Amino acid sequence: MAAQEIESGTSWGKELWDQFDNLATHTQKGIDFFERFGNFIRDRSAIEVEYALKLRRLVKNYQPKKSKEDEENEFSSLIAFKNVLKEVADLAGQREVVAENLQNQVLQNIMLLSKILREERKKALNQGAGLTQSLHTQIGTLDRAKRSYEKAFREAEKAIESYHKADADFHLSRADVEKQRVNMNIRNSQSEDAKSEYANQLQITNKQQQQHYQIALPEVFNKLQELDEKRTRGMKEFIKRAADVEYEVSPIIARCLEGMVKAADSINEKDDSMIVIEKYQSGFQPPGDIPFEDLSKSDPDASNNSQTHNSSTGLNHMTGKGTTKDKLKKRVGIFGIFTGNKKILEACINVKNNLSTDGLKEDFSDLPPTQRRKKLTAKVQELQQKVAQEQAASDGLMKMKGVYEANSMLGDPRTVEEQLNESVNRLDRLRHELGRYQKLLEQANNQTFIQHSPQSNRVTQNGQRSSRHSNGSSNHENSHEDNGEDHPDDAGSLSRSASESSVQQAQNGLNINNNGSSASPESGLGTSHTSLPGSGQGSTNEQPMNEEYYEAETPLGTCRALYPFDATSEGSIPMSEGEELQVIEVDQGDGWTRVRRFSSKGWEEGFVPTSYIECTLYA
């Protein structure tokens, strides 16, 4: 290659024969620049590593927290974001690959080539310096020979001139002339010797100089040219290799970007809206219209008719405690059921709420109807799966036991018997729990929720909860306009306003019992409307409750019976263990809670022991 370049006239040895110092400087700058490129690759690799590290930290910081509820109902936007984070993590991995390949395939080779170039340059420069020093030495020898020749030649010329002068001078003796002649011959001989030495050194110098500038030094320059071109080719190759490192990961990066686009396309706003509905739907019915009360057009006749009608029906309104306006019974009588059951009472007081691992009650009674049915359905499915798995495991153990009994060489059946018993016990517990949740789910599916959402029933009027019928006149008129048909809102007990109204009437002398005690809720008196028709006590005007005057009251929450209860006192209602009821009024400090339930006879309302139930009030 070097010979071809020399022949073509593009070699440094021919064109730059006299630029040794400049070539030495140029090659040094070239190698320094090449090493600077290596430093660039090193710093870029460090940036790639730092970038990958920051990408991974970014993914970690924005990773959504895992939640069991979110896993069940994940929004498409959340799933897409998780996929984007996954693709970004893959991008970080590819940047790490780029950094690693830049270090291993580019930077290391740059450093290795730079080391080789420096060694070759140093060797070539030392060789060139040696050749130049040898030539300079020969030129110095030539200069000395030339100066000797010049000196001998001048002395010879002086000796000849002195001899000619002495030979022409007749006053000098013959001996003096002979002396000058001998001196002339000596100087001429020395001059000739110096001339011969000068000629010889000149020949040697010319030959060495020709060899130096035509052969030896061009070889050194060509080596410098070759290593400089090697450095340039290395620069070219390593730049391309650095680009190839990017090319190698670009398909994976492109797939990551495609994955991000695919994740974005998977977002469906309608599906997310349905998930929100499934997640937060309560199952309650929205509240009905609030009636307009025109107080300026009150009709005295209608009020009188209402009072007359109330008198004819025996003032058979129920108070907030579930009592009638005609006759009230003391609630203290129902406390007698605890006289012989102090241990049971203590056990009931010490009962704690059973909570599941996710903070909800085991029967999910603290959830709205729709969410409760959803949770119960999921629980039933989970238990069914566990039962199936445990049944399969039990069947496998049974088969293994049979095989061992048939062939004792295979194993001892007693080793399987203990495992089989444990499996059977677990299976019985799972089936029992499955049956309990199936019963709860069946009750939840069969229950009719006609009450309104507690969040939407906070409308008050004059400090009291607004009801469908604000006074007796409107009740009477509505009863005629509706032709005796019941409204959905009439399926409950009296509102708190009606209760307070009855208390006020009792204080005015309208509602006093035989003992002279008032029928206020604080007195501890009350009867359930379920016991009123057949109580056999009170005024002869007592009649069954007219549903036209029966106002629905929004339940305060729900409760579940922890123990069975038989209604032995007037005003109380029986309940079975695990039964779900609606809470109408919380315990006022007397140990009793007013509840309501729906049965085949319609809505029933009364009091149950507070310690016998587990209440969940709405927010």
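Keep in mind it's a predicted model, so treat the numbers as computed, not measured.

A. How the structure looks around the pattern of salt bridges. Summed over the entire model, instances satisfying the criterion amount to 23 salt bridges. Of the charged contacts in the structure, one is a salt bridge between D228 and R231, with a shortest N-O distance of 2.7 Å. Remark: R231 and D228 occur in helix α6 (residues 174-265); sequence separation between them is three residues, near one turn of the helix. Residue R597 is joined to E604 by a salt bridge in which the shortest nitrogen-to-oxygen separation is 3.0 Å. Overlapping salt bridges bring together R44, E48, R95 and E246 as one network.

B. Representation of the sheet that holds strand β7 (residues 613-617) in the model. In space, the five strands of this open sheet follow the order β6-β5-β4-β3-β7, with antiparallel pairing throughout. Taken across any chain shown, the strands that pair with only one partner, and hence form the sheet edges, are β6 (602-609) and β7. Direction aside, the axes of adjacent strands within the sheet are offset by 35 degrees on average.

C. Quick look at the pairing of strand β4 (residues 580-585). Burial analysis of β4 places six of its six residues in the buried class, the great majority of the element. For strand β3 (residues 557-561) and β4, the ladder comprises four bridges, and the chain directions are antiparallel. Considered in β4, the bridge of R560 is made with E580. The pairing of β4 with strand β5 (residues 592-599) spans three bridges and is antiparallel. The partner of E585 across the bridge, within β5, is R594.

D. Quick peek at the nonpolar core. One finds I41, L102, I110, F221, L224 and F238 to be the most contacted residues of the largest nonpolar core, which totals 30 residues. The set of elements that each furnish at least two residues to this core consists of α3 (20-61), α5 (76-168) and α6. At twelve residues, the largest contribution of residues to this core is made by α6. Beyond its immediate sequence surroundings of up to four residues, L102 is in contact with I41, R44, S45, L107, A242 and V245.

Rules behind the numbers
- Every chain is numbered independently, its residues counted from 1 as its sequence is written.
- Per-residue local features of the predicted model are confined to residues with pLDDT of at least 70, and side-chain atom pairs are confined, for both listing and counting, to 80 or more; whole-chain, interface and lining totals are unaffected and use all residues.
- Side-chain descriptors were evaluated using all non-hydrogen atoms of the structure, hydrogens and water having been removed beforehand.
- Think of a salt bridge as a Lys or Arg side-chain nitrogen and an Asp or Glu carboxyl oxygen that are within 4 Å of each other.
- A helix here means a DSSP run of H or I that spans at least four residues, while a strand means a run of E at least two residues long, and both kinds are numbered starting from the N terminus.
- Criterion used throughout: strands pair if DSSP finds at least two bridges between them.
- Axis definition: a line fit to C-alpha positions, over the contact stretch in the case of helices; interaxial angles, taken between N-to-C directions, run 0 to 180 degrees.
- Accessible area is worked out with a 1.4 Å probe on protein chains only. A residue is then buried under 20% of its type maximum, exposed over 50%, and partly exposed in between.
- Here the nonpolar core consists of buried residues drawn from Ala, Val, Leu, Ile, Met, Phe, Trp, Tyr and Cys, with membership extended through side-chain atoms lying within 4.5 Å.
- We call two residues in contact when some of their heavy atoms are within 4.5 Å.

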